[in-house]
4 protein chains.
Amino acid sequence: MSKGTVVLAYSGGLDTSCILVWLKEEGYDVITYLANIGQEEDFDAAKKKAESLGAKKVFIEDLRAEFVEEFIWPSVQASAIYEDRYLLGTSVARPCIARRQIQIARQEGAQYVSHGATGKGNDQIRFELTCYALYPEVKIIAPWRIPEFYNRFVGRKDLMEYAEKHGIPVPVTRKAPWSMDANLMHISYESGILENPKTHAPADLYLMTKSPEDAPNSPDVLEIEFKKGVPIKVTHIKEGKSKDTPLDIFSYLNEIGGRHGVGRIDIVENRFIGMKSRGIYETPGGTILYHAHLDIETFTLDREVRRIKQGLGVKFAEMLYNGFWYSPECEFVRHCIDKSQESVDGKVQLSVFKGQVYILGRESPKSLYNEELVSMDVQGDYDPCDASGFIKINAVRLREHHRLQGDHRSKH
Amino acid sequence: MSKGTVVLAYSGGLDTSCILVWLKEEGYDVITYLANIGQEEDFDAAKKKAESLGAKKVFIEDLRAEFVEEFIWPSVQASAIYEDRYLLGTSVARPCIARRQIQIARQEGAQYVSHGATGKGNDQIRFELTCYALYPEVKIIAPWRIPEFYNRFVGRKDLMEYAEKHGIPVPVTRKAPWSMDANLMHISYESGILENPKTHAPADLYLMTKSPEDAPNSPDVLEIEFKKGVPIKVTHIKEGKSKDTPLDIFSYLNEIGGRHGVGRIDIVENRFIGMKSRGIYETPGGTILYHAHLDIETFTLDREVRRIKQGLGVKFAEMLYNGFWYSPECEFVRHCIDKSQESVDGKVQLSVFKGQVYILGRESPKSLYNEELVSMDVQGDYDPCDASGFIKINAVRLREHHRLQGDHRSKH
Amino acid sequence: MSKGTVVLAYSGGLDTSCILVWLKEEGYDVITYLANIGQEEDFDAAKKKAESLGAKKVFIEDLRAEFVEEFIWPSVQASAIYEDRYLLGTSVARPCIARRQIQIARQEGAQYVSHGATGKGNDQIRFELTCYALYPEVKIIAPWRIPEFYNRFVGRKDLMEYAEKHGIPVPVTRKAPWSMDANLMHISYESGILENPKTHAPADLYLMTKSPEDAPNSPDVLEIEFKKGVPIKVTHIKEGKSKDTPLDIFSYLNEIGGRHGVGRIDIVENRFIGMKSRGIYETPGGTILYHAHLDIETFTLDREVRRIKQGLGVKFAEMLYNGFWYSPECEFVRHCIDKSQESVDGKVQLSVFKGQVYILGRESPKSLYNEELVSMDVQGDYDPCDASGFIKINAVRLREHHRLQGDHRSKH
Amino acid sequence: MSKGTVVLAYSGGLDTSCILVWLKEEGYDVITYLANIGQEEDFDAAKKKAESLGAKKVFIEDLRAEFVEEFIWPSVQASAIYEDRYLLGTSVARPCIARRQIQIARQEGAQYVSHGATGKGNDQIRFELTCYALYPEVKIIAPWRIPEFYNRFVGRKDLMEYAEKHGIPVPVTRKAPWSMDANLMHISYESGILENPKTHAPADLYLMTKSPEDAPNSPDVLEIEFKKGVPIKVTHIKEGKSKDTPLDIFSYLNEIGGRHGVGRIDIVENRFIGMKSRGIYETPGGTILYHAHLDIETFTLDREVRRIKQGLGVKFAEMLYNGFWYSPECEFVRHCIDKSQESVDGKVQLSVFKGQVYILGRESPKSLYNEELVSMDVQGDYDPCDASGFIKINAVRLREHHRLQGDHRSKH
């Protein structure tokens with residue numbers, strides 16, 4: 001008799017194929033689920049493979065549009081960046097993938113979900129917190145945290161042997177000496193030879209971006225139009241080409257950014273579980289958007305609103321990184337950030353060249369920029385004398401502090 | 001009889017030369033003071049000019065070394081960046097310049113200081129808060145905020161006429177259609193044709209950095225060594241060349257960064273007085289250091305210490321921008337940030353190329369990075385089962401929240 | 001010919017009566033405006049006095065209901081408290097009063113507004129920022145900042161003489177040796193003999209609360225019901241009496257709190273203009289609400305939402321204190337805080353006795369409190385083993401830190 | 001053969017006595033350790049009991065002085081308060097107790113430590129994080145999280161039976177229908193009948209404070225002197241009595257506060273593990289100190305330093321509550337807070353009466369309070385005209401915002 005039904009997040013690779021078979025061995029009915037979030041993948045082949053390995057049902061789900069609109073766009077609004085550098089390409093995909101997995105589990109009456117994430121990483125947390133948040137009674141099978149599993153499969157060799165024994169097709173190409181994770185937003189590389197933080201990344205590692213050294217010798221100039229902090233149109237100035245649906249916009253920015261080698265970073269970051277890890281990321285379109293959004297936001301938002309929103313954005317990035325997308329606090333913060341973006345409308349012109357994004361100019365119907373007020377040539381509605389009082393009053397505290405210091409100095 | 005002595009921050013240019021003469025006309029004895037903080041300038045010519053215009057005394061002060069050590073270094077430690085983009089090159093110079101001006105005023109028995117900063121900008125505030133903080137009884141003459149002055153000198157033409165009339169040498173080259181401010185850390189450009197935020201900056205504007213398009217086709221690879229969050233050595237890997245005094249290190253980074261077009265930004269920012277202004281900045285060495293420091297810091301600092309320090313850094317940047325370097329809160333924050341950097345030691349390797357800085361690797365005797373702990377290949381001192389409990393406990397709140405939402409949904 | 005029309009915030013007292021006459025002397029038409037925000041006042045007498053002194057028009061406006069609903073309630077939601085102690089009773093009244101003043105000015109076509117606030121205080125800022133925010137072109141006449149005025153009226157004697165000369169009725173009772181400001185929310189006392197921060201407040205100073213020593217010897221027990229963070233009903237448990245409109249609720253809490261001497265504080269605070277001042281406040285109803293709201297909020301809000309909201313509340317209190325109620329950032333923060341209160345529903349029982357408020361119990365249909373989950377007697381949906389993993393993972397960082405410290409210690 | 005040596009945090013009560021015997025049964029050598037942190041306890045009896053139950057060694061350690069100086073004092077400096085109400089009396093004792101436990105474990109060569117904290121509470125975390133931080137290799141035995149233990153001892157009856165069987169003296173008095181934790185700083189009450197958050201606490205629950213209703217009818221007036229944010233002397237004004245060592249000061253404040261019923265709170269709080277729990281606390285001396293310190297701090301600290309320090313204090317309170325006293329971030333924050341207190345010197349006079357603390361006045365040689373500057377009667381070194389400019393400049397943003405809003409309103 002079956003122990004119950006598991007919805008397994010299945011990638012088609014060696015690990016999750018072994019997990020599929022192992023779960024069956026353990027007595028579960030297995031439904032596989034593979035999300036298309038923009039990674040390069042032969043989805044048909046993966047479907048057939050899962051079926052051939054005994055999956056009761058196979059779901060291949062194209063989540064690309066919702067990934068962009070419901071997950072990437074709020075991150076753009078938030079200027080979400082972890083530890084000042086990482087644009088959270090993996091983190092933002094996890095709740096999107098797990099949400100659909102939970103929908104399938106509920107719809108198929110499955111009590112279990114399973115995934116192939118390791119026991120030292122962030123992804124296990126991001127997946128599972130989403131699952132518990134959306135389906136509190138769900139039971140999660142994380143084989144890489146189950147001693148019987150991880151003691152049995154200590155190295156890749158063990159998986160290969162198991163695969164051979166159970167008729168799981170074994171990859172013929174040699175595995176890269178690192179692991180990677182790809183989606184529409186980015187590719188990440190870590191582990192293996194990259195674990196030594198001093199080792200430079202090999203030149204042939206990057207798949208999504210060209211090397212800046214090999215990138216075109218002239219820039220592409222784009223205009224990105226925002227509405228409520230979200231891009232609604234991108235236009236290639238010279239070519240006149242433009243895109244205006246979320247998925248098209250983001251894909252096109254990936255294309256341009258990728259061509260110019262934009263968005264490569266090599267960092268050491270702090271995982272939620274408390275260890276430092278080294279990761280290499282390429283986020284071409286996301287990087288362009290980060291810069292463009294920052295520019296239009298500063299142009300249109302009041303200084304103090306932006307300051308508060310900036311603090312919320314830092315918190316949002318931590319929540320996202322740690323896997324709390326579906327949490328009361330993240331819902332609250334997303335609401336607040338969305339509110340802050342009400343007037344973030346306008347167009348940014350920028351140039352993309354050799355790994356870099358250069359803002360060239362901006363305009364907005366809602367800008368708080370007042371050319372007359374700020375002008376050095378005309379006075380506008382501004383009396384320079386007021387600045388004297390402003391400075392004097394701001395100095396009150398400083399002068400008192402000095403007076404007291406002086407008092408003390410002279411007494412001692 | 002003299003109204004008293006004024007120490008005037010003198011640049012040698014048309015504006016402050018007119019101010020010098022005007023102050024004399026108004027009945028003051030004028031001492032001029034020109035700080036060398038790394039700008040391109042003919043200091044001898046400026047000295048002669050001031051003397052010829054009737055300055056009672058002329059001070060030319062080389063502040064470059066203290067500018068780097070006492071002002072730029074703490075900003076590097078703080079990762080000081082204003083509104084996520086501006087590295088504060090102008091802001092950080094102001095307290096350095098004004099401090100010396102106050103020292104001269106005290107030493108010369110001057111009751112007044114004066115400067116040529118405009119009434120709409122940030123610099124007037126930065127100068128004057130420093131003055132009031134260090135010399136509470138000082139009186140400040142800011143001609144561009146005095147109606148008799150600014151109503152007399154409405155445009156450049158008025159200054160030119162006044163100059164001619166008073167034997168002030170008039171510049172022969174045409175003024176650029178924008179204003180600029182240069183020091184060792186950066187050059188800023190604003191006003192004039194740049195006031196339209198949509199107008200692209202002309203290609204020939206930049207003086208400190210080469211255009212990325214014209215930059216060398218191969219990168220320079222550097223190793224920067226940090227001690228307590230401050231660079232103590234930079235080495236050009238291929239050429240073997242190295243620098244190890246603060247001024248040399250910073251100048252060399254400017255040279256390398258400048259050659260590769262690093263550190264150009266075009267932004268709209270929020271001034272302290274509440275208006276938005278557009279500024280274009282080039283900060284070659286500072287940009288390299290910002291990236292290198294960020295990398296070594298994340299590598300060596302505990303995650304939570306870094307998070308708190310990051311918040312302090314944001315506050316520090318605001319204080320710096322707004323002119324509060326000499327304030328009790330900024331002294332306090334600098335102390336705390338300095339404390340946080342105690343273990344920020346190590347070396348970062350990076351590549352500089354076509355406007356961009358790429359981190360390549362890092363090493364440190366004090367890193368909290370634990371290669372064995374994080375490894376995907378060995379277990380280290382880590383039990384993956386613990387992660388299950390960690391996730392379950394983190395999910396307690398999320399499940400409760402869902403339960404309650406569900407309760408409410410089902411009841412309504 | 002008239003210089004124009006001024007709407008003067010008029011209190012009926014000596015100062016603003018003199019200002020009224022002085023403004024007329026200066027050539028203005030004067031409209032007086034007196035807001036009823038709950039202070040003890042003979043409004044009819046004030047009206048007659050203004051008319052007799054030549055006011056062109058006299059407005060007496062009862063703002064008590066809107067004061068409670070639109071200003072006090074959001075402050076309760078925010079748990080607004082300045083520097084950990086001050087419940088902002090004066091601050092919160094200012095935008096309410098000035099808003100109506102601006103409405104009158106617009107409606108009457110007045111280009112000017114005027115007030116009797118001093119030049120060292122916070123109120124001038126709170127009034128004027130509200131005016132500028134709501135009526136950017138308005139011109140403000142603040143006599144206590146105009147040298148011709150304040151040099152003429154150096155002490156109270158000068159005002160008395162002026163009053164006598166101009167037929168302004170002179171107060172017959174001796175002025176208290178401090179100044180006070182009263183409204184529905186509180187009375188504040190400052191200046192005069194209170195300026196010495198060491199001097200104890202005299203026992204007869206307080207007007208709104210009984211001395212705790214003279215308060216009843218048995219408590220009153222109340223139940224306050226909240227909906228979205230705002231009180232909708234208060235019931236006296238023993239007497240069965242209840243109130244359910246905002247103004248009634250707040251007035252009743254003042255009555256009960258006042259009877260028991262609740263809400264007296266004696267503090268030194270930091271003014272926006274940078275000086276420290278000493279203030280004594282009594283806020284009976286507001287203090288009860290502060291405690292009750294805090295209790296129901298912690299009971300119903302998710303921990304992390306509350307934490308973020310707490311940070312926003314601190315910012316809100318600063319904005320309120322500094323006069324920025326009508327600012328983009330304060331509107332934004334009020335929106336966010338209001339959003340956070342969506343589930344803050346429920347009832348709090350509390351006892352009021354001898355100057356203190358004691359929370360006794362609480363209940364809510366939306367509480368996240370789960371009696372079974374937290375119980376020490378039943379296990380609920382909780383596996384204690386999970387806590388081990390939770391702790392171990394939280395210790396990862398700490399152990400690494402210790403390891404490194406140890407490494408260093410042993411090496412040095 | 002022994003499995004090794006365990007240092008057991010032993011209270012002398014039923015639970016830890018059973019744990020002692022159970023650990024022996026399981027094959028461990030058991031050393032018991034009982035910290036005197038000011039709780040009422042017959043330490044001699046506990047010693048004899050532990051010996052009679054087979055403890056290999058018994059440590060009774062008087063930690064009261066270090067508890068006050070090294071743990072309570074920094075919390076006073078920080079104004080540490082959790083969720084705006086809880087003064088952290090339990091939290092602050094845990095690292096103090098566990099530190100000594102670890103010292104004993106190291107000194108006695110024990111590989112294990114054990115405690116009787118439950119699996120749902122905060123204390124397990126506070127104990128264990130301290131242990132892991134100070135002795136990373138230690139192994140922790142938490143019986144209430146071990147299924148064999150907690151399934152065997154489901155209710156108190158099971159413990160009683162086990163006790164009888166193993167010769168453990170059984171308490172003769174009936175257990176209170178709640179659990180409590182006492183130390184020098186406070187007593188906490190929770191669980192049992194208190195788990196219903198609506199139930200009022202019984203009048204006879206409190207042991208450390210008198211009921212305000214039964215408290216004396218006249219206040220005690222104290223003067224507390226601070227040096228660097230820490231009390232160095234307390235004087236009873238009328239009686240002339242004073243105390244000047246940390247332990248004496250704190251004990252005396254407990255006595256006075258206890259007599260007047262000061263420091264009782266009934267709250268629902270958020271545990272680190274994500275559940276809400278109800279706790280009742282009495283913290284007499286700590287509450288007096290909290291108020292007194294707040295007063296002297298606001299009197300002496302610069303406004304902006306205090307604001308930053310306040311934010312650090314909130315973080316510190318969370319760390320303390322969650323068990324992170326011995327963490328890099330808490331060490332860092334303690335350092336910063338300590339730095340902030342350098343000038344927090346002075347005397348506060350206060351009255352303690354019927355459950356409440358009233359600040360009466362304060363004085364300090366280092367105060368930033370400037371009586372002349374703030375005076376309404378003399379002008380001091382202050383020009384009221386400056387305030388006009390200050391306000392006008394602060395209004396620039398607000399007027400721009402309104403202008404834009406108006407623009408939009410009129411266009412739509």
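Residues numbered from 1 in each chain as written. Chains lettered and ligands numbered in written order. Predicted model: local features only at pLDDT ≥ 70, side-chain atom pairs only at ≥ 80, totals over all residues. Heavy atoms only, no water.

Section: the interface of chain A and chain B
Quick note on the threshold: Here, two residues are considered to be in contact whenever any of their heavy atoms come within 4.5 Å of each other. Once two parts are joined, some of their accessible surface, as seen by a 1.4 Å probe, is lost; buried area is that loss totalled over both. The working definition used for a salt bridge is a side-chain nitrogen of Lys or Arg within 4 Å of a carboxyl oxygen of Asp or Glu. The definition of a polar contact used here is a pair of N or O atoms within 3.5 Å, where within protein one atom must be able to donate a hydrogen and the other to accept one, and adjacent residues in sequence count solely through side-chain atom pairs. The way it works is that DSSP assigns letters per residue, a run of H or I at least four long becomes a helix, a run of E at least two long becomes a strand, and they are numbered from the N terminus.
In this complex, chain A contributes 105 residues to the contact, which on the side of chain B involves 103 residues. Contact between chain A and chain B buries roughly 9500 Å² in total, counting both sides, with carbon and sulfur atoms accounting for 56%. Ranking the residues of chain A by area buried against chain B places K120(A), K276(A) and M376(A) at the top, with a combined share of 8%. Inspection of the chain A/chain B interface yields 12 salt bridges. Between E329(A) and R397(B) there is a salt bridge; the shortest N-O distance is 2.8 Å. Taken together, chain A and chain B are joined by 50 residue pairs in polar contact (both at pLDDT 80 or more). Here the element with the most residues in the side of chain A that touches chain B is helix α13 (residues 384-411) of chain A; it accounts for 14 residues.

Some remarks on the packing of helix α3 (residues 64-78) of chain D against helix α4 (residues 89-107) of chain D
All names here are of chain D. Rules: With axes taken as lines fitted to C-alpha atoms, and helix axes fitted only over the stretch in contact, angles between N-to-C directions fall between 0 and 180 degrees. Orientation labels follow simple angle bins: below 35 degrees gives roughly parallel, above 145 gives roughly antiparallel, 65 to 115 gives roughly perpendicular, and whatever is left gives oblique. Working rule for handedness: look at the near helix, and if it is turned counterclockwise from the far one by less than a right angle, call the crossing left-handed; if clockwise, right-handed. Residue type decides the class: Asp, Glu, Lys and Arg count as charged, Ala, Val, Leu, Ile, Met, Phe, Trp, Tyr, Cys and Pro as nonpolar, and the leftover types, Gly among them, as polar.
Where α3 contacts α4, the two axes come as close as 10 Å, and the packing angle between them is 140°. Judged on the interaxial angle alone, α4 and α3 are oblique. At the point where α3 passes α4, the crossing takes the right-handed sense. Two secondary-structure elements touch here, α3 through E66, F67, E70, F71, I72 and S75 and α4 through G89, V92, A93, P95, C96 and R99. Its residues assigned to classes, the contact of α3 with α4 comprises seven nonpolar, two polar and three charged.

Things to note about the relation of the copies chain C and chain D
Both copies of the chain are placed relative to one another by a rotation about an axis and a shift along it. Rules: Only residues with pLDDT of at least 70 in both copies contribute their C-alpha atoms to the least-squares superposition of the copies.
For the pair chain C and chain D, the relating rotation is 180°, the translation along its axis is 0.0 Å, and the fit reaches an RMSD of 0.0 Å. In the structure described here, the two chain copies are related by an operation that fits a two-fold rotation axis. By residue overlap, the copies meet face to face through one surface: 100% of the interface positions of chain C are interface positions in chain D.

Observations regarding helix α3 (residues 64-77) of chain C
Residues and elements named next belong to chain C. Worth spelling out the cut-off: A helix is expected to reach a length of 1.5 Å times the quantity of its residues less one. Note on bend: at a given residue it equals the angle between the axes fitted to the 7 residues ending there and to the 7 starting there. Buried means the residue's accessible area, taken with a 1.4 Å probe over protein chains only, is under 20% of the maximum for its type, while exposed means over 50%, and partly exposed covers the values in between.
For α3, which comprises 14 residues, the first-to-last C-alpha distance of 19 Å matches the rise-based estimate of 20 Å (1.5 Å per residue) to within 8%. Of all the bends in α3, the greatest, near 30°, is centred on F71, and the proline P74 appears no more than four residues after it. Those residues of α3 lying buried are F67, V68, F71, I72, W73, P74, S75, V76 and Q77. S79 occupies a position one or two residues after α3 and carries a positive phi of about 50°.

Details of a negative patch on the surface
Stated formally: Note that patches include only residues with greater than 30% relative accessible area and no salt bridge, and the join distances are 9 Å for like charges and 5 Å for nonpolar side chains (Val, Leu, Ile, Met, Phe, Trp, Tyr). Per-residue and other accessible areas were derived by the Shrake-Rupley procedure at a 1.4 Å probe size, with only the shown protein chains allowed to occlude residues. Charged residues are defined here as Lys and Arg on the positive side and Asp and Glu on the negative side; His and the ends of the chain fall outside this count. Charge coordinates come from a single atom per side chain, which is NZ of Lys, CZ of Arg, CG of Asp or CD of Glu.
Taken together, the side chains of E40(A), E41(A), D42(A) and D44(A) define an acidic patch exposed on the protein surface. Under the relative-accessibility criterion, E41(A) is labelled partly exposed at 36%.

Regarding the sheet that holds strand β12 (residues 276-282) of chain C
All names here are of chain C. The condition that has to hold: Here a strand pair is declared whenever DSSP counts at least two bridges between the two strands.
Spatially, four strands are ordered β6-β7-β12-β11 in an open sheet, and the strand pairing comes out antiparallel. Only two strands of the sheet have a single partner each, and these edge strands are β6 (179-182) and β11 (264-270). With strand direction ignored, the average angle separating the axes of adjacent strands in the sheet is 25°. Relative to β12, β11 is paired through seven bridges, and the arrangement is antiparallel. Residue pairing in the sheet places V268 in a bridge with R278 of β12.

Thoughts on the domain arrangement of chain A
Residue and element names in this part refer to chain A. Test applied: Domain boundaries shown here were taken from an automatic or database domain assignment.
You can read the domains of chain A as domain 1 (5-175) and domain 2 (180-363). Counting residues at the interface gives 43 residues for domain 1 and 50 residues for domain 2. Counting every contact that joins domain 1 to domain 2 gives one salt bridge. Where D181 meets R94, a salt bridge forms, and the shortest distance between an N and an O atom there is 3.0 Å. Applying the counting criterion to the domain 1 and domain 2 interface returns 17 residue pairs in polar contact (both at pLDDT 80 or more). Where the side of domain 1 that touches domain 2 is concerned, the elements lending two or more residues are α3 (64-78), α4 (89-107) and α5 (123-134). Counting residues per element, the side of domain 1 that touches domain 2 draws most heavily on α3, which supplies 14 residues.

Re helix α10 (residues 303-322) of chain D
Residues and elements named next belong to chain D. Look at α10: 29 Å from first C-alpha to last across 20 residues, which is about the 28 Å you get at 1.5 Å a residue. Of all 20 residues that make up α10, 16 are buried, and the element is covered over most of its length. In this structure D302 caps α10, since a side-chain oxygen of it lies 2.9 Å from the backbone nitrogen of E304. Looking one or two residues beyond α10, the residue adopting positive phi is G323, at roughly 100°.

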